[in-house]
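Okay, here's what each chain looks like letter by letter:
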Amino acid sequence: MSVAQRVAAPGARSYGPPTAPGAGRFWPRLLPVLCALAVTTRLPSFTRPLWNPDEGFLATEARMLARGAVLYSTVVDRKPPLLPWLYQLCFGLFGDGSLLPVKILAVLAQLLTAVLLASLARRRWGERAGRTAGVLYLLVSIGLDPEDAQAATFEVFMVPWTAAAMWCADRGRWGAAGLAVAGALLTKQTGGAVLAPVLLLLCAHHRRAAGAGALALGLVLPVAAVAWLTGPARLLFWTVTGSGSYASAQGVLTLALSRAAFNAGVLCVGCAGLLAPVVALLLTRRRVAPPELWLWTAASAVAVTTGFHFFGHYYLQLLPPLTLLGTSALCALPRPALPGPATAVSVLTCGFFLVWGLTSHAPGLPHSLEVAAAARERTAPTDRVLFWGMHPEQYWFADRRPAGHCLTAGLLTNYSGGRGPSRVGEAYGVPGTWPVFRRELRLRPPALIVDDSRGKPYGPSRMPSLRAVLDRRYERVAVVDGAVLYARRPGPLRPTAPGRAA
């Protein structure tokens, strides 16, 4: 008896008897449908140069890496390195002027996730359940604000790894499961949450000791290799220990809870077709699905809360386990309830989010394009520029080298989207960043500084070190859509005012 059969929910019905892998025409019939759905649901992503600042950060970071920057040293981020390296690879193969190759890979990532979920559901509950799981996942995969669902960022490339980890564990392939957990973890830290249901499946396996060893090797070796490539101390600092202030809920609890409620509500609308059968069955049965699916969902929910920011794209991690929970519930409901209504509701909600994505504008994109064009006009291609703001895509649009190792003011001030003035300032930035930043400004002063704070609490007036540099070395030359441009002043430097740091 397989692991899946031993831990399947008691009383759950199957759409049909499980079939042997490769039997019939399951995949030849399903794959074209999944391919068409994957492309259709990702169409909005191709209608904008980018959808959110994370894509801009990754694009700028990848361009710097291609030009010799060192990750976690001369260019830094709070995220693991797999996705920056993927962007760098795409730029090296196809040029760095467009995100089109990465967007195509995002389509393939969603398609792969759907295929893995379909395979999991087919193995457990039969072919009809497999088709339902694959289709439903792609229909709900865009059930968030387009800025969150359509961007080619961390969660989109993390979920195939999490689905692969469960697929391998379900078949007792523990070394491969460990490798997939490592892939998820090295794409985004919260991807490691899938280890919890993988371990639960391991506990049900008849060769636990050997499986545990293979799982540990599969997990540890890739992480160790990446740590060796990037530097263990630097990797640990930038992905775990250096983000204490950013992960704190102090001063932002009300904002965080309101954002959590809003994005959870949007997710519930997008997943209504999945959640309805789960709720319906919970009203009549004690257990809807195998315990590892509940644990996968719970671990993913905990991952969403990490850092207390509750950005919409965090919720993408919940979609694979929710898809299998919904499929499991459909298997257990009376046959007349299967699976048409759930699919119909999912089609309607998918259509709503698809139209939303095709008709909406990427927030901040026109502003970033205008500011980047102004900076490009006032500088030479070899000049360095400092965009003091939260839109790193401006470096990419302007095609100018950043003046420092931090690509956003957030790393230096602890500011993030939606955060109020609490715990924002030089004292709350990532430890050690300000001394390096001041040295960078002194040794390689940028030709242009663009203050894009626009009244936010991280403005130069609240940052003594940056204010002193502007007073001594720069003069205001223009205002573009609220962003203030400062050009380096020719001639001798103005003396430092008393009490101000250079």
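You'll find the structure just up there.
Every chain's residues receive numbers from 1 upward, in the order its sequence appears when written. Owing to the predicted nature of the model, reporting of local features is limited to residues with pLDDT of at least 70; listing and counting of side-chain atom pairs is limited to 80 or more, with chain, interface and lining totals taken over all residues. With hydrogens and water excluded, all non-hydrogen atoms of the structure serve as input to the side-chain values.

### Focus on the overall build of the protein
Right, so step 1: Numbering of helices and strands starts at the N terminus; helices are DSSP runs of H or I of at least 4 residues and strands are runs of E of at least 2. A count of helical and extended segments in the protein gives 22 helices and 5 strands.
Right, so step 2: Only protein chains enter the calculation, and the probe is 1.4 Å; a residue is then buried if its accessible area is under 20% of its type maximum, exposed if over 50%, and partly exposed in between. In the protein, which comprises 502 residues, the proportion classed as buried is 56%.
Right, so step 3: Relative to all contacts within the protein whose residues are 6 or more apart in sequence, the contacts with residues 24 or more apart total 77%.
Right, so step 4: Only the protein chains shown count as cover for residues, with accessible areas throughout obtained via the Shrake-Rupley method and a probe of 1.4 Å. Accessible area for the protein stands at about 19,900 Å²; split by element, carbon and sulfur atoms hold 66% of it. The contact definition used throughout considers only heavy atoms, calling two residues in contact when any of these lie within 4.5 Å.

### Examining the packing of aromatic side chains
Right, so step 1: Note on aromatic contacts: the rings of Phe and Tyr and the six-membered ring of Trp form a pair at centre separations within 6.5 Å, being stacked when their planes are under 30 degrees apart, edge-to-face when over 60 apart, and tilted otherwise. Here the structure, examined in full by the defined rule, presents 14 aromatic pairs.
Right, so step 2: Ring centres 4.8 Å apart and planes at 50° place the aromatic pair Tyr-415 and Tyr-458 in the tilted group. One end of the pair, Tyr-415, is in the loop between helix H20 (409-413) and helix H21 (433-443); the other, Tyr-458, is in the loop between strand S3 (448-451) and helix H22 (464-473), and 43 residues separate them in sequence. As far as the burial class goes, Tyr-415 and Tyr-458 line up, both buried.
Right, so step 3: Note on criteria: charge over ring means Lys NZ or Arg CZ within 6 Å of the ring centre, with the direction from the centre no more than 35 degrees off the ring normal. The ring of Phe-154 is capped by Lys-79, whose NZ or CZ atom sits 5.2 Å from the centre of that ring.

### Regarding the pairing of S3
Right, so step 1: Neither face of S3 is open: one carries Leu-448 and Val-450, the other Ile-449 and Asp-451, and all of them are buried.
Right, so step 2: Here strand S1 (residues 384-388) pairs with S3 via 4 bridges, running parallel. Counted as the bridge partner of Trp-388 is Asp-451 from S3.
Right, so step 3: Strands are treated as partners if at least two bridges between them are detected by DSSP. Pairing of S3 with strand S5 (residues 483-488), which is carried by 4 bridges, proceeds in the antiparallel orientation. When the sheet's bridge partners are listed, Val-450 is paired in S5 with Leu-485.

### Here's the deal with the pairing of strand S4 (residues 474-480)
Right, so step 1: Where S4 lies against S5, 6 bridges are found, and the strand directions are antiparallel. Its bridge partner lying in S5, Val-480 is registered against Ala-483.
Right, so step 2: Once S4 ends, the chain turns through 2 residues before running back antiparallel as S5, passing Asp-481 with a positive phi of about 50°.

### Comments concerning helix H3 (residues 53-66)
Right, so step 1: A rise of 1.5 Å per residue sets the reference length of H3, with its 14 residues, at 20 Å; its end C-alpha atoms lie 20 Å apart and thus fit the reference within 8%.
Right, so step 2: Burial analysis of H3 places 11 of its 14 residues in the buried class, which makes it a mostly covered element.
Right, so step 3: When we look at burial in H3, the residues that qualify are Glu-55, Gly-56, Phe-57, Leu-58, Ala-59, Thr-60, Glu-61, Ala-62, Arg-63, Met-64 and Leu-65.
Right, so step 4: In this structure, the buried side of H3 is in contact with helix H4 (82-94), helix H5 (100-125), helix H8 (154-170), helix H19 (393-398), strand S2 (401-402) and H20.
Right, so step 5: For H3, the side-chain oxygen to backbone nitrogen distance between the N-cap and Asp-54 is 3.0 Å, and the N-cap itself is Asn-52.
Right, so step 6: Within two residues after H3, Gly-68 carries a phi angle of roughly 105°, on the positive side. A helix is expected to span 1.5 Å for every residue after the first. Polar contact is defined as a pair of N or O atoms within 3.5 Å, subject to the rule that within protein one atom must be able to donate a hydrogen and the other to accept it, and that residues adjacent in sequence are counted only when both atoms are side-chain atoms.

### Some words on the nonpolar core
Right, so step 1: Among buried residues, those of type Ala, Val, Leu, Ile, Met, Phe, Trp, Tyr and Cys that are joined through side-chain atoms within 4.5 Å constitute a nonpolar core. In this structure, Tyr-87, Val-198, Tyr-315, Leu-324 and Trp-388 are the most contacted members of the largest nonpolar core, which totals 149 residues.
Right, so step 2: In terms of residue count, the dominant contributor to this core is H5 (13 residues).

### What about the sheet that holds S5?
Right, so step 1: Across the sheet, 5 strands lie side by side as S2-S1-S3-S5-S4; this open sheet has mixed pairing. If you trace the sheet from one side to the other, it starts and ends with S2 and S4, each paired once.
Right, so step 2: The strands touched by helix H18 (residues 365-377) within the sheet are S1, S3, S4 and S5, with S4 carrying the most contacts at an inclination of about 140°. Angles shown run from 0 to 180 degrees and are taken between the N-to-C directions of axes, each axis being a line fitted to C-alpha atoms and, for helices, limited to the stretch in contact.

### A few points about unusual backbone geometry
Most peptide bonds adopt trans geometry, and most residues besides glycine take a negative phi value.
Right, so step 1: The backbone of Asp-399 sits at a positive phi, close to 55°, despite the residue not being glycine.
Right, so step 2: With respect to the element layout, Asp-399 can be found in the loop between H19 and S2.

### A closer look at a nonpolar patch on the surface
Right, so step 1: Patch building starts from residues that exceed 30% relative accessible area and form no salt bridge, then joins like charges within 9 Å and nonpolar side chains (Val, Leu, Ile, Met, Phe, Trp, Tyr) within 5 Å. Any Lys or Arg side-chain nitrogen located within 4 Å of an Asp or Glu carboxyl oxygen qualifies as a salt bridge. Residues Phe-46, Leu-100, Ile-104 and Leu-108 make up a contiguous nonpolar surface patch of about 340 Å² in total accessible area.
Right, so step 2: Relative to the helices and strands, Leu-100 is located in helix H5.

### Re helix H6 (residues 127-140)
Right, so step 1: Taking 1.5 Å of rise per residue, 14 residues should cover 20 Å, and H6 covers 20 Å from first to last C-alpha, within 8% of that figure.
Right, so step 2: Most of H6 is tucked away: 11 of the 14 residues are buried.
Right, so step 3: All buried positions along H6 are accounted for by Ala-129, Gly-130, Thr-132, Ala-133, Gly-134, Val-135, Leu-136, Tyr-137, Leu-138, Leu-139 and Val-140.

### Here we look at the side chain of Asn-52
Right, so step 1: Within the element layout of this structure, Asn-52 appears in the loop between helix H2 (26-41) and H3.
Right, so step 2: Note on Asn-52: relative accessible area 4%, which makes it buried.
Right, so step 3: Discounting chain neighbours no more than four positions away, the residues touching Asn-52 are Glu-147, Ala-151 and Thr-153.

### Quick notes on the packing of H2 against H6
Right, so step 1: One can describe the packing of H2 onto H6 by two numbers: an axis separation of 9 Å at closest approach and a directional angle of 10°. The orientation of H2 relative to H6 falls into the category roughly parallel. Residues Phe-26, Leu-30, Val-33, Leu-34, Leu-37, Ala-38 and Thr-41 of H2 touch H6, and the partners they reach there are Glu-127, Gly-130, Arg-131, Gly-134, Val-135, Leu-138 and Leu-139.
Right, so step 2: In terms of residue class, the contact of H2 with H6 is built from 9 nonpolar, 3 polar and 2 charged. Any angle from 65 to 115 degrees is called roughly perpendicular, while one under 35 is roughly parallel, one over 145 is roughly antiparallel, and all others are oblique. Gly counts as polar in this scheme, as do all residues outside two lists: the nonpolar Ala, Val, Leu, Ile, Met, Phe, Trp, Tyr, Cys and Pro, and the charged Asp, Glu, Lys and Arg.

### With respect to the pattern of salt bridges
Right, so step 1: Summed over all chains, the structure comprises 13 salt bridges.
Right, so step 2: The shortest N-O distance in the salt bridge between Glu-127 and Arg-122 comes to 3.2 Å.
Right, so step 3: Put simply, Asp-452 and Arg-454 hold a salt bridge, and the shortest N to O gap is 3.2 Å.
Right, so step 4: Overall, the relative accessible area of 2% leaves Asp-452 in the buried class.
Right, so step 5: For Arg-454, a relative accessible area of 38% gives the class partly exposed.
Right, so step 6: Among the charged side chains, a network of salt bridges with common partners joins Arg-123, Arg-124, Asp-170, Arg-171 and Glu-292.

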